[in-house]
Amino acid sequence: MSIKLGDTFPNFAVKTTYGDLKLHDWFQDSWGILFSHPADFTPVCTTELARVVQLKNEFAKRNCKVIALSCDSVESHLKWTTDIRAYAHSDDREFPYPIIADEDREIAVDLQMIDPDEKNADGLPLTARAVFIIDPKKKMRLSLLYPATTGRNFDEILRVLDSLQLCDKYKVATPADWQKGDEVMVQPSVSPEECKASFPCITIVALPSGENYVRKTAIPE
(Lines give C-alpha, C1' and ligand atoms only; values in the text may rest on other atoms or scores of the structure.)
Protein backbone atom coordinates (compact mmCIF):
# COMPACT_ATOMS: atom_id res chain seq x y z
CA MET A 1 0.00 0.00 0.00
CA SER A 2 1.35 3.41 -0.97
CA ILE A 3 -0.41 6.25 0.83
CA LYS A 4 0.26 9.73 -0.49
CA LEU A 5 -0.45 13.15 0.93
CA GLY A 6 -4.14 13.89 0.55
CA ASP A 7 -5.18 10.23 0.43
CA THR A 8 -7.80 8.95 2.84
CA PHE A 9 -5.98 7.24 5.68
CA PRO A 10 -6.93 3.55 6.05
CA ASN A 11 -9.52 2.79 8.72
CA PHE A 12 -7.56 -0.06 10.27
CA ALA A 13 -9.23 -2.30 12.84
CA VAL A 14 -6.67 -2.55 15.64
CA LYS A 15 -6.08 -4.23 18.98
CA THR A 16 -4.91 -1.71 21.54
CA THR A 17 -4.41 -1.05 25.23
CA TYR A 18 -7.86 0.61 25.09
CA GLY A 19 -9.46 -2.50 23.56
CA ASP A 20 -10.43 -3.17 19.95
CA LEU A 21 -10.74 0.05 17.92
CA LYS A 22 -11.07 1.34 14.40
CA LEU A 23 -8.79 4.28 13.69
CA HIS A 24 -11.47 6.58 12.29
CA ASP A 25 -13.68 5.90 15.31
CA TRP A 26 -10.81 6.75 17.67
CA PHE A 27 -9.96 9.99 15.89
CA GLN A 28 -13.65 10.91 15.37
CA ASP A 29 -13.80 14.56 14.22
CA SER A 30 -10.38 15.44 15.64
CA TRP A 31 -7.02 15.69 14.02
CA GLY A 32 -5.08 12.49 14.57
CA ILE A 33 -1.49 11.34 14.89
CA LEU A 34 -0.39 7.74 14.48
CA PHE A 35 3.23 7.17 15.46
CA SER A 36 5.18 3.93 15.59
CA HIS A 37 8.14 2.80 17.65
CA PRO A 38 10.44 -0.22 17.25
CA ALA A 39 9.91 -2.06 20.54
CA ASP A 40 8.61 -1.88 24.10
CA PHE A 41 11.02 -1.67 27.05
CA THR A 42 13.69 0.10 24.98
CA PRO A 43 15.39 3.37 25.96
CA VAL A 44 14.67 5.77 23.09
CA CYS A 45 11.09 4.57 22.70
CA THR A 46 10.46 5.14 26.39
CA THR A 47 11.64 8.75 26.12
CA GLU A 48 9.40 9.33 23.10
CA LEU A 49 6.18 7.91 24.51
CA ALA A 50 6.88 9.69 27.80
CA ARG A 51 7.25 12.98 25.94
CA VAL A 52 3.84 12.45 24.33
CA VAL A 53 2.40 11.85 27.80
CA GLN A 54 3.89 15.17 28.93
CA LEU A 55 2.43 16.93 25.87
CA LYS A 56 -1.07 15.48 26.20
CA ASN A 57 -2.60 18.89 27.02
CA GLU A 58 -0.84 20.51 24.06
CA PHE A 59 -2.33 17.93 21.70
CA ALA A 60 -5.74 18.40 23.32
CA LYS A 61 -5.52 22.19 22.78
CA ARG A 62 -5.08 21.48 19.08
CA ASN A 63 -8.04 19.07 18.95
CA CYS A 64 -5.67 16.21 18.17
CA LYS A 65 -5.76 12.60 19.36
CA VAL A 66 -2.67 10.40 19.30
CA ILE A 67 -2.21 6.66 19.03
CA ALA A 68 1.06 4.70 19.13
CA LEU A 69 2.02 1.39 17.52
CA SER A 70 4.65 -1.31 17.69
CA CYS A 71 4.91 -5.02 16.92
CA ASP A 72 4.65 -5.98 20.59
CA SER A 73 1.56 -7.44 22.27
CA VAL A 74 -1.14 -5.58 24.18
CA GLU A 75 0.06 -7.32 27.36
CA SER A 76 3.59 -6.02 26.77
CA HIS A 77 2.31 -2.51 26.09
CA LEU A 78 0.28 -2.47 29.30
CA LYS A 79 3.25 -3.53 31.42
CA TRP A 80 5.50 -0.98 29.72
CA THR A 81 3.14 1.95 30.34
CA THR A 82 4.12 1.86 34.02
CA ASP A 83 7.72 2.63 33.05
CA ILE A 84 6.63 5.31 30.58
CA ARG A 85 4.50 7.11 33.17
CA ALA A 86 7.36 6.93 35.67
CA TYR A 87 9.84 8.37 33.16
CA ALA A 88 7.35 11.14 32.30
CA HIS A 89 6.81 11.89 36.03
CA SER A 90 3.10 11.46 35.35
CA ASP A 91 0.58 11.00 38.16
CA ASP A 92 -2.17 9.93 35.75
CA ARG A 93 -3.86 6.71 36.80
CA GLU A 94 -4.75 5.90 33.20
CA PHE A 95 -2.31 6.06 30.33
CA PRO A 96 -3.55 8.99 28.20
CA TYR A 97 -3.54 7.37 24.76
CA PRO A 98 -3.81 3.87 23.26
CA ILE A 99 -0.95 1.75 21.91
CA ILE A 100 -1.64 -0.59 19.00
CA ALA A 101 -0.36 -4.18 19.01
CA ASP A 102 0.70 -4.94 15.42
CA GLU A 103 2.16 -8.36 16.12
CA ASP A 104 1.48 -9.69 12.62
CA ARG A 105 3.06 -6.51 11.16
CA GLU A 106 0.08 -5.99 8.87
CA ILE A 107 -0.12 -2.25 9.49
CA ALA A 108 3.66 -1.83 9.52
CA VAL A 109 3.91 -3.44 6.09
CA ASP A 110 0.87 -1.66 4.65
CA LEU A 111 2.23 1.74 5.74
CA GLN A 112 5.84 0.87 4.83
CA MET A 113 7.10 1.45 8.36
CA ILE A 114 9.48 -1.52 8.54
CA ASP A 115 13.12 -0.81 9.41
CA PRO A 116 15.18 -3.51 7.62
CA ASP A 117 18.16 -2.96 9.91
CA GLU A 118 16.24 -3.52 13.16
CA LYS A 119 15.14 -7.04 14.12
CA ASN A 120 13.89 -8.69 17.28
CA ALA A 121 15.37 -11.76 18.98
CA ASP A 122 13.56 -14.01 16.50
CA GLY A 123 15.00 -12.16 13.51
CA LEU A 124 11.72 -10.47 12.61
CA PRO A 125 11.88 -6.85 11.40
CA LEU A 126 10.70 -4.06 13.67
CA THR A 127 8.84 -0.86 12.96
CA ALA A 128 10.80 2.31 12.34
CA ARG A 129 9.82 5.64 13.93
CA ALA A 130 7.00 6.76 11.63
CA VAL A 131 4.63 9.70 12.11
CA PHE A 132 1.38 10.27 10.25
CA ILE A 133 -0.83 13.32 10.74
CA ILE A 134 -4.45 12.83 9.69
CA ASP A 135 -6.94 15.70 9.43
CA PRO A 136 -10.60 15.61 10.56
CA LYS A 137 -11.63 14.55 7.04
CA LYS A 138 -9.33 11.52 7.49
CA LYS A 139 -6.89 12.75 4.85
CA MET A 140 -3.18 12.14 5.41
CA ARG A 141 -1.47 15.51 5.72
CA LEU A 142 2.07 14.57 6.77
CA SER A 143 4.32 11.52 6.92
CA LEU A 144 7.76 11.23 8.52
CA LEU A 145 10.03 8.22 8.83
CA TYR A 146 13.00 8.12 11.20
CA PRO A 147 15.42 5.22 11.76
CA ALA A 148 15.30 3.40 15.07
CA THR A 149 18.45 5.12 16.36
CA THR A 150 17.03 8.66 16.07
CA GLY A 151 14.40 9.82 18.53
CA ARG A 152 11.81 12.28 17.29
CA ASN A 153 11.29 15.91 18.32
CA PHE A 154 7.64 16.12 19.31
CA ASP A 155 7.83 19.90 19.64
CA GLU A 156 8.47 19.87 15.89
CA ILE A 157 5.42 17.68 15.36
CA LEU A 158 3.34 20.20 17.31
CA ARG A 159 4.85 22.98 15.19
CA VAL A 160 3.81 21.19 12.00
CA LEU A 161 0.32 20.64 13.39
CA ASP A 162 0.05 24.36 14.15
CA SER A 163 1.15 25.16 10.60
CA LEU A 164 -1.32 22.75 9.00
CA GLN A 165 -4.22 24.07 11.02
CA LEU A 166 -3.32 27.71 10.37
CA CYS A 167 -2.85 27.21 6.63
CA ASP A 168 -6.18 25.40 6.39
CA LYS A 169 -7.85 28.48 7.87
CA TYR A 170 -6.08 31.18 5.86
CA LYS A 171 -4.39 31.38 2.46
CA VAL A 172 -0.94 31.50 4.00
CA ALA A 173 2.15 29.32 4.24
CA THR A 174 4.74 29.11 7.01
CA PRO A 175 8.40 29.82 6.21
CA ALA A 176 11.53 28.00 7.33
CA ASP A 177 11.91 27.73 11.10
CA TRP A 178 8.47 29.28 11.66
CA GLN A 179 7.11 29.20 15.19
CA LYS A 180 3.58 29.89 16.33
CA GLY A 181 3.11 33.68 16.51
CA ASP A 182 5.71 34.46 13.82
CA GLU A 183 4.89 36.16 10.54
CA VAL A 184 3.60 33.97 7.73
CA MET A 185 3.79 34.16 3.94
CA VAL A 186 0.84 34.90 1.69
CA GLN A 187 0.34 32.02 -0.73
CA PRO A 188 1.45 32.76 -4.33
CA SER A 189 -2.03 31.94 -5.65
CA VAL A 190 -3.50 34.98 -3.83
CA SER A 191 -3.91 37.89 -6.26
CA PRO A 192 -2.68 41.38 -5.31
CA GLU A 193 -6.29 42.55 -5.05
CA GLU A 194 -7.31 39.68 -2.78
CA CYS A 195 -4.12 40.15 -0.81
CA LYS A 196 -5.00 43.77 0.01
CA ALA A 197 -8.50 42.81 1.05
CA SER A 198 -7.54 39.84 3.18
CA PHE A 199 -4.22 40.94 4.63
CA PRO A 200 -4.13 44.67 5.41
CA CYS A 201 -0.60 44.61 6.84
CA ILE A 202 1.72 43.22 4.18
CA THR A 203 5.48 43.47 3.86
CA ILE A 204 6.80 42.77 0.38
CA VAL A 205 10.45 41.72 0.40
CA ALA A 206 12.47 43.33 -2.41
CA LEU A 207 14.47 40.75 -4.37
CA PRO A 208 16.89 41.10 -7.31
CA SER A 209 14.38 39.57 -9.73
CA GLY A 210 11.94 42.40 -9.08
CA GLU A 211 9.18 39.83 -8.56
CA ASN A 212 6.97 40.59 -5.56
CA TYR A 213 6.34 37.01 -4.53
CA VAL A 214 7.68 37.15 -0.97
CA ARG A 215 4.78 38.73 0.91
CA LYS A 216 4.90 38.57 4.68
CA THR A 217 2.02 39.22 7.06
CA ALA A 218 1.09 38.77 10.67
CA ILE A 219 -1.29 35.93 11.45
CA PRO A 220 -4.78 37.19 10.61
CA GLU A 221 -7.05 37.75 13.61
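The model shown is predicted, which means the values in this text are computed figures rather than measured ones.

Focus on the environment of Arg 85
Next, step 1: Mapped onto the elements, Arg 85 comes out in helix H4 (residues 74-87).
Next, step 2: Through-space distance from the C-alpha of Arg 85 to that of Lys 56 is 12 Å; in sequence the pair is 29 residues apart.
Next, step 3: Not counting the four nearest positions on each side in its chain, Arg 85 is found in contact with Ser 90, Asp 92, Arg 93 and Phe 95.

Points about the packing of aromatic side chains
Next, step 1: Counted under the stated rule, the structure contains 6 aromatic pairs.
Next, step 2: Relative to Tyr 97, the ring of Phe 35 has its centre 6.0 Å away and its plane inclined at 55 degrees; by these criteria the two rings are tilted. Of this pair, Phe 35 sits in strand S3 (residues 31-36) while Tyr 97 is found in the loop between H4 and strand S5 (99-101), placing the two residues 62 residues apart along the sequence. Considered together, Phe 35 and Tyr 97 belong to a single accessibility category, that of buried residues.
Next, step 3: Between the aromatic rings of Phe 35 and Phe 154, the centroid separation amounts to 5.5 Å while the plane-to-plane angle is 75 degrees, which identifies the pairing as edge-to-face. A residue pair is termed long-range when its members are at least 10 positions apart, and Phe 35 in strand S3 and Phe 154 in helix H6 (residues 154-169) qualify at 119 residues.
Next, step 4: Residue classification places Phe 35 among the buried residues on the basis of a relative accessible area of 1%.
Next, step 5: A residue is classified by how much of its surface remains accessible, and Phe 154, at 4% relative accessible area, is buried.

Looking at helix H2 (residues 43-54)
Next, step 1: Look at H2: 17 Å from first C-alpha to last across 12 residues, which is about the 16 Å you get at 1.5 Å a residue.
Next, step 2: What H2 keeps buried is the set Cys 45, Thr 46, Glu 48, Leu 49, Ala 50, Val 52 and Val 53.

Let's talk about the UniProt feature "active site" (unreviewed entry) in the protein chain
Next, step 1: UniProt's entry tags Cys 45 with the feature "active site" (unreviewed entry), counted in the numbering of this structure.
Next, step 2: Here Cys 45 shows up in helix H2.
Next, step 3: Given the relative accessible area of 1%, Cys 45 is considered buried.
Next, step 4: With residues near it in sequence (within four places) discarded, Cys 45 still touches His 37, Pro 38, Ala 39, Trp 80 and Arg 129.

Calculation rules
- Residues numbered from 1 in each chain as written.
- Predicted model: local features only at pLDDT ≥ 70, side-chain atom pairs only at ≥ 80, totals over all residues.
- Heavy atoms only, no water.
- Helix = DSSP H or I, 4+ residues; strand = E, 2+ residues; numbered from the N terminus.
- Contact = heavy atoms within 4.5 Å.
- Phe/Tyr/Trp six-rings, centres within 6.5 Å; stacked < 30°, edge-to-face > 60°.
- Buried < 20%, exposed > 50% of the residue type's maximum accessible area, 1.4 Å probe, protein only.
- Expected span 1.5 Å × (residues − 1).
- UniProt positions renumbered as here; feature names shortened; annotations may be inferred.

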